[in-house]
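Here is what each chain is made of, one letter per residue.
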Amino acid sequence: MSSVTERRFWTVLAVGILIAVAAAYLSLTNGTFDMSVLDVFKTLLGINPRPEHNLVVFEFRLPRIVLGALVGFALGTAGSIIQGVTRNGLADPGILGINAGAGLAVVLFMFLFQGVITATGWLGVMLMPMFGIAGGLLATTAIYMFAKEKGRLDPQRLILVGIAVASGFGALTMYISLKMNPNDYEMAVVWLAGSLHNANWKFVVTMLPWLLLLPVICLRSHKLDLFQLSEDSQKSVGLHVEREKNIFLLCSIGLVSASVAVSGSIAFIGLIAPHLARQLVGLRHTRIIPVSGLVGMIMVLIGDFIGKTVFAPAELSVGIVVSIIGVPYFVYLLLRTRG
Amino acid sequence: MQLKRTLPVVILGMAPAAIVLLILASILYGAKNITAVEVWNAIVAFDPDNVDHQIIISSRLPRVVGSILIGTFLAVSGALMQGMTRNYLASPSIMGVSDGSVFAVTLCMVFLPNASPNLYITSSLIGSALGTAIVFGLAWLIPNGLSPVKLAILGSIIGTFLSGTAHAMSTYFQVSQNISFWYNARLHQMDPELIRLSIPFALIGLTLALLISRYISALSLGEEVAQGLGIRTWVIKALAILATVLLTGVSVALAGKIAFVGLIIPHIARFLSGVDYRWIIPVSGVLGGIFLAACDIVARFINYPFETPVGVVTSLIGVPFFLYLIKTRGGAHRE
C-alpha cells in the first residue's frame, strides 16, 4: 500500500523534472535571437564559442531560466505551507497580500536608496530581499490582526482582508513609485508586474541563501499533517501549535519575499501548485511540498516562455500569464467548495 | 430619530453651496494657482488668448465637473447594490463592473482604433454589463455565493482576470499606452465631449435609481418583506442592475477605475440618513460627488507639483474603512 504511493511519488517527481527540463530547453532555444539547437549545446559546453551566442545564452536566457525555476519552486513550496497552516485551500501569498507588502517594501527601498546604493549593485541586490521580508511580515501581521476573531482565523475573511491589504499596499506602492525619478520608475513598474525580464546572475545568487529554508521546511513538513487535525488532537499529540505555525509562516514569508524581491509579484502559483500536488501525490506534506515546488517551477518556466514568445516582440510578464490561467482555476475551486 | 429625519434634508440643502465652493477651490488651486478675478473674467468675458482662461475653461472646469459626476454615479450605484443584495460589501469596483468596462474599452481600442467617443461609452456600458453578469452568474452558481465575502472574493478575482486579459491584449496589439490612460484613473485629462455624451445615459441611470428607491428600501429589509408588500422583486432587481450598469459604465468611460467610492459613501449616507433609500440614494449621490472632487484636490497636492492618480487617494482612505467594515461586520450576512 505505502510502496504504491511511494512509487507514485517518485514517478511524479521524475516526470515533473523531465517536464521542467523540457520547458527550460524550449526557453533556451527559442527567442527573438535565433539559434540552432546545436549552437546552444556548443555554447553551453564551450565548444568554439561565439561571443554573441555566449552573450545570449549566459547573460540573458540562462539566468532567466534558472531564476524562474528558483522563484517557481519557492512560490509553490510557500503556497503549500500557507495552505497547510491556515487549513485553507484558497490561500495564496498573492491573494493574501504578502506579495503586495513585500513589493511595497522593495519599492520603498528603491526609492529611499536611489543613488546611494544602486539597486542592481551587490549590496542593493542582497539587501532588497531583507526589505521585502520586512514588508511581507508587516502585511502578514496586518492580515492576522484583522482576520482573527476570538483567536481563530476565519478562512474566507482571511482572503477578504488579504485583498484589502493588497490594494492598500498597492496604492501606497503606486504613490511612492510616482515620486521616483523616471529611470527607477521604469524599473519599478516592469518589476512590479511580476516579470523575469531583468533576470541576471546576481538575482540568482540573491535567491540562493533563502533556499536554505527548504531543508528546514522539509525536515518539519510531517508536522503540517498534524495541523489538519482538530485543535484538541493537535494538543494531545504534543504539538506546539503556535510556535510551529510561526516557524512555518516565517519560512514561507522568507521564500515569498525573496521571490518578490527578484521577480516582482507572481500570483496564483502558490494557489494552484499545492492543489495539483495534492491530486498527484495525496495528502502527506512530506510529498506535497517537493511536488508542489516542482509544479510551481514548471508553471513559471512555461508561463514565462508563453509570455515572451506569444507576444513577441512585446513581452507579457509571467505574472499576468499565470493570473489569466489561474483565475478560472480559482473559480473552479470555489465552485467545488461547499457551504 | 428626529435628527435622522432632518439631517438628510440639511445635507441636501447645503449641497449646492458645498459644491459651488468645491468647484471654485478646484479651479483656483493646482499646479498653477489662478485668482478668483480671472475665473470671473473667464466666465463673463472669455478671452481665447489668455492662458489662464484657457486653463479654466478647457481643463479645470471639465475636471471638477467630471469628478463630481463620477463620484455621484459611483456612490449611487454602490447604494443601489448594497440595498438590493443586502450585502454590505457590494460596490462597483468590488463586483467586477469596472474591470468588465475596462476590458470592453480595451477590445474597442484594439479592434476599432479610430472609434468615436460615443463608441467608447457604449462599449464601456456593454463591458460593465458583462462584468456584472459574470460575477452575479457565478455567485448564483456557487454555494452561498451571494454572501458578502464570497461575492467580494469572486468580484475581485474576476476583476483580476478581466484586467489581466485586457492587459495581455493591449500588449499583444501594442495599444498599452492608450489603455494606461483609462487604467490610471486620472481626472486631469477630462474630455468635455465625453462628459456631454455621457449625460443622457447618466440621467437615465439616476432617474431610475430615484424611481425605484422606495422599493430598494423594501428589498433591503429582505426578499420576503418585499414580496409581502406586493413588490415584484425581480423587476426591481433588474432595474437596479440596469441603473448600476449605466452609471458605472459611464464613469469608467470617463476616468477609468476609481476604487472604494461606491463602497464607502453609501455606508456614510446610511449612517447619516437612516434606513430609507429614498434618502440614502440622493444623499449618497451628493456625498459621492463632493468626496471625489475633494479627493481630486488632495491628489494634486500630496506629491506637489506632480499629480497623483485619484485612485491612490480613494484607496488610501478606502482600505482602512473596508477593514473596519470587515472587522465590525464579520464575514456573515448583515442580520
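Residues numbered from 1 in each chain as written. Chains lettered and ligands numbered in written order. Predicted model: local features only at pLDDT ≥ 70, side-chain atom pairs only at ≥ 80, totals over all residues. Heavy atoms only, no water.

1. Some remarks on the overall build of chain A
Line of reasoning, step 1. For chain A, the helix and strand inventory stands at 14 helices and two strands.
Line of reasoning, step 2. What you see for chain A is a C-alpha radius of gyration of 20 Å, in line with the 20 Å of a compact globule of 339 residues.
Line of reasoning, step 3. For chain A, the spread of C-alpha atoms along the principal axes amounts to about 65 × 55 × 35 Å.
Line of reasoning, step 4. Evaluated residue by residue, chain A yields a buried proportion of 55% over its 339 residues.
Line of reasoning, step 5. A sequence separation of at least 24 residues applies to 77% of the contacts in chain A between residues at least 6 apart.
Line of reasoning, step 6. Of the roughly 14,400 Å² of accessible surface on chain A, a fraction of 69% belongs to carbon and sulfur atoms. (Helix = DSSP H or I, 4+ residues; strand = E, 2+ residues; numbered from the N terminus. Rg over C-alpha atoms; globule rule 2.2 N^0.38 Å. Buried < 20%, exposed > 50% of the residue type's maximum accessible area, 1.4 Å probe, protein only. Contact = heavy atoms within 4.5 Å. Areas by Shrake-Rupley, 256 points an atom, 1.4 Å probe, with all protein chains shown as cover.)

2. Remarks on the interface of chain B and chain A
Line of reasoning, step 1. Contact residues are listed per partner, giving 41 residues for chain B and 38 residues for chain A.
Line of reasoning, step 2. Note on chain B versus chain A: buried area summed over both sides is about 3,400 Å², and carbon and sulfur give 78% of it.
Line of reasoning, step 3. Joining chain B to chain A, the criterion identifies zero salt bridges.
Line of reasoning, step 4. Between chain B and chain A we count one residue pair in polar contact (both at pLDDT 80 or more) in total.
Line of reasoning, step 5. Counting only elements with at least two residues in the side of chain B that touches chain A, the list comes to helix H5 (117-141), helix H6 (148-172) and helix H14 (310-329) of chain B.
Line of reasoning, step 6. Counting residues per element, the side of chain B that touches chain A draws most heavily on H6 of chain B, which supplies 16 residues.
Line of reasoning, step 7. Each residue belonging to the side of chain B that touches chain A can be placed in one class, and the counts come to 23 nonpolar, 14 polar and four charged. (Buried area = accessible area lost by both parts, 1.4 Å probe. Salt bridge = Lys/Arg side-chain N within 4 Å of Asp/Glu carboxyl O. Polar contact = N/O pair within 3.5 Å; in protein donor to acceptor, adjacent residues only side chain to side chain. Nonpolar A, V, L, I, M, F, W, Y, C, P; charged D, E, K, R; others polar.)

3. Some words on empty space enclosed by the protein
Line of reasoning, step 1. Applying the stated rule across the entire model yields two cavities of 30 Å³ or more.
Line of reasoning, step 2. Put simply, the largest cavity is a space of about 80 Å³.
Line of reasoning, step 3. Those elements that provide at least two residues to the lining of the largest cavity are helix H3 (51-86) and helix H5 (122-147) of chain A.
Line of reasoning, step 4. Sorting elements by how many residues they give to the lining of the largest cavity places H5 of chain A first, with three residues.
Line of reasoning, step 5. Here the residues of the lining of the largest cavity sort into seven nonpolar, two polar and no charged.
Line of reasoning, step 6. Around the second largest cavity sit Ile70, Leu74, Ser98, Ser251, Val252, Gly256 and Ile258 of chain B, which together line it.
Line of reasoning, step 7. Mapped by element, the contributors of at least two residues to the lining of the second largest cavity are helix H3 (51-85) and helix H11 (233-255) of chain B. (1 Å grid on protein atoms, 1.4 Å probe; cavity = no way out; pocket = protein on both sides within 12 Å on 5 of 7 lines; lining within 4 Å. Points joined across faces, edges and corners; volume = space filled by probe spheres on them.)

4. Points about the pattern of salt bridges
Line of reasoning, step 1. Considering all chains together, one arrives at 11 salt bridges over all chains under this definition.
Line of reasoning, step 2. As a salt-bridge pair, arginine 63 of chain B and aspartate 296 of chain B come within 2.7 Å of each other at their nearest N and O atoms. Of the two residues, arginine 63 of chain B is situated in helix H3 and aspartate 296 of chain B in helix H13 (residues 277-301); the sequence distance between them amounts to 233 residues. This pair shows no difference in class: arginine 63 of chain B is buried, exactly as aspartate 296 of chain B is.
Line of reasoning, step 3. One network of salt bridges, in which partners are shared, links Arg220, Lys223, Arg243 and Glu244 of chain A.

5. Concerning the packing of H3 of chain A against helix H12 (residues 269-281) of chain A
Residue and element names in this part refer to chain A.
Line of reasoning, step 1. Contact geometry of H3 with H12 gives a least axis separation of 7 Å together with a crossing angle of 75 degrees. When the interaxial angle is binned, H3 and H12 end up roughly perpendicular. Across the interface between the two elements, Gly72, Leu75, Gly76, Gly79, Ser80 and Gln83 of H3 pack against Ile269, Gly270, Leu271, Ala273, Pro274, His275 and Arg278 of H12.
Line of reasoning, step 2. Across the contact of H3 with H12, the residue classes tally to five nonpolar, seven polar and one charged. (Axes fitted to C-alpha atoms, helices over the stretch in contact; angles between N-to-C directions. Parallel < 35°, antiparallel > 145°, perpendicular 65-115°, else oblique.)

6. Observations concerning the packing of H3 of chain A against helix H13 (residues 285-309) of chain A
Residue and element names in this part refer to chain A.
Line of reasoning, step 1. The interhelical angle for the contact between H3 and H13, taken along N-to-C directions, is 135 degrees, at an axis separation of 7 Å. The orientation of H3 with respect to H13, classified from their angle, is oblique. The two elements H3 and H13 cross, and the hand of that crossing is right-handed.
Line of reasoning, step 2. Split into classes, the residues belonging to the contact of H3 with H13 amount to 11 nonpolar, 10 polar and three charged. (Left-handed = near helix turned anticlockwise from the far one by under 90°.)

7. Comments concerning the packing of aromatic side chains
Residue and element names in this part refer to chain B.
Line of reasoning, step 1. If you walk through the whole model with that rule in mind, you get seven aromatic pairs over all chains.
Line of reasoning, step 2. Centroid distance tyrosine 172 to phenylalanine 173: 5.0 Å. Interplanar angle 85 degrees. Geometry classified as edge-to-face.
Line of reasoning, step 3. For tyrosine 172, a relative accessible area of 42% gives the class partly exposed.
Line of reasoning, step 4. Their ring planes at 50 degrees and their centres at 6.2 Å tell us that phenylalanine 321 and tyrosine 324 sit as a pair that is tilted. On the criterion of helical spacing, the pair formed by phenylalanine 321 and tyrosine 324 is a turn pair, its members being three residues apart in helix H14.
Line of reasoning, step 5. Residue classification places tyrosine 324 among the partly exposed residues on the basis of a relative accessible area of 48%.
Line of reasoning, step 6. A network of ring pairs unites the aromatic residues Phe111, Tyr172 and Phe173 as a single cluster.
Line of reasoning, step 7. Across from the ring centre of tyrosine 215, 5.2 Å away, lies the NZ or CZ of arginine 214, which sits over that ring. (Phe/Tyr/Trp six-rings, centres within 6.5 Å; stacked < 30°, edge-to-face > 60°. Lys NZ or Arg CZ within 6 Å of the ring centre and 35° of its normal.)

8. Things to note about unusual backbone geometry
Residue and element names in this part refer to chain A.
Line of reasoning, step 1. Notably, arginine 87 is not glycine yet its phi reads approximately 50 degrees, a positive angle.
Line of reasoning, step 2. Topologically, arginine 87 is positioned in the loop between H3 and helix H4 (98-112).
Line of reasoning, step 3. Backbone geometry places phenylalanine 268, a non-glycine residue, at a positive phi of 75 degrees.
Line of reasoning, step 4. Structurally, phenylalanine 268 can be placed in the loop between helix H11 (241-263) and H12.
Line of reasoning, step 5. The exposure class assigned to phenylalanine 268 is buried, which follows from its relative accessible area of 2%.

9. Observations regarding helix H14 (residues 318-336) of chain A
Line of reasoning, step 1. In this model, H14 of chain A (19 residues) spans 27 Å end to end at C-alpha, consistent with the 27 Å of a helix rising 1.5 Å per residue.
Line of reasoning, step 2. Of all the bends in H14 of chain A, the greatest reaches close to 30 degrees and is centred on glycine 326 of chain A; the proline proline 328 of chain A follows between one and four positions later. (Expected span 1.5 Å × (residues − 1). Bend = angle between axes of the 7 residues up to and from the residue.)

10. Quick look at the environment of valine 261 of chain B
Residues and elements named next belong to chain B.
Line of reasoning, step 1. Within the secondary structure layout, valine 261 lies in helix H12 (residues 261-273).
Line of reasoning, step 2. Taking the C-alpha atoms as reference, valine 261 lies 8.5 Å from serine 93; in sequence the two are 168 residues apart.
Line of reasoning, step 3. Beyond its immediate stretch of four places on either side in the chain, valine 261 contacts Gly71, Leu74, Pro266, Phe291, Leu292 and Thr314.

11. Observations concerning the nonpolar core
Grouped burial of nonpolar side chains is what soluble globular proteins tend to show.
Line of reasoning, step 1. Of all hydrophobic cores here, the largest spans 188 residues; its most connected members are Leu67, Met207, Phe268 and Phe330 of chain A together with Ile70, Ile258 and Phe322 of chain B.
Line of reasoning, step 2. The biggest single contributor to this core is H3 of chain A, with 14 residues.
Line of reasoning, step 3. By size, the runner-up hydrophobic cluster in this structure holds 11 residues, among which are Leu22, Leu28, Val64 and Ile68 of chain B. (Core = buried A, V, L, I, M, F, W, Y, C linked by side-chain atoms within 4.5 Å.)

12. As for the side chain of serine 128 of chain B
Line of reasoning, step 1. Assignment of secondary structure puts serine 128 of chain B in helix H5.
Line of reasoning, step 2. If near-sequence neighbours (up to four positions away) are discounted, serine 128 of chain B is found in contact with Val97, Gly100, Ser101, Val245 and Gly249 of chain B.

13. Quick notes on the confidence of the model for chain A
Low-pLDDT portions of the prediction should not be read for the details of their coordinates.
Line of reasoning, step 1. Mean pLDDT for chain A: 82, with 93% of residues reaching 70 or above.
Line of reasoning, step 2. Considering each helix and strand of chain A separately, the mean pLDDT is smallest for strand E2 (residues 152-153) of chain A, with a value of 66, and largest for H13 of chain A, with 92. (pLDDT = per-residue confidence, 0-100.)

14. Re the side chain of aspartate 52 of chain B
Line of reasoning, step 1. Topologically, aspartate 52 of chain B is positioned in helix H3.
Line of reasoning, step 2. Among the residues examined, aspartate 52 of chain B registers a relative accessible area of 14% and is labelled buried.

15. Observations regarding the UniProt feature "transmembrane region" (unreviewed entry) in chain B
Residue and element names in this part refer to chain B.
Line of reasoning, step 1. As annotated in UniProt, the feature "transmembrane region" (unreviewed entry) corresponds to residues 6-29, 93-112, 119-141, 153-173, 194-216, 236-265, 277-302 and 308-326 in the numbering used here.
Line of reasoning, step 2. End-to-end, the C-alpha atoms of residues 93-112 are 26 Å apart, and along that stretch the chain is 75% helix and 0% strand.
Line of reasoning, step 3. Helix makes up 83% of residues 236-265 and strand 0%. Its end C-alpha atoms lie 22 Å apart. (UniProt positions renumbered as here; feature names shortened; annotations may be inferred.)

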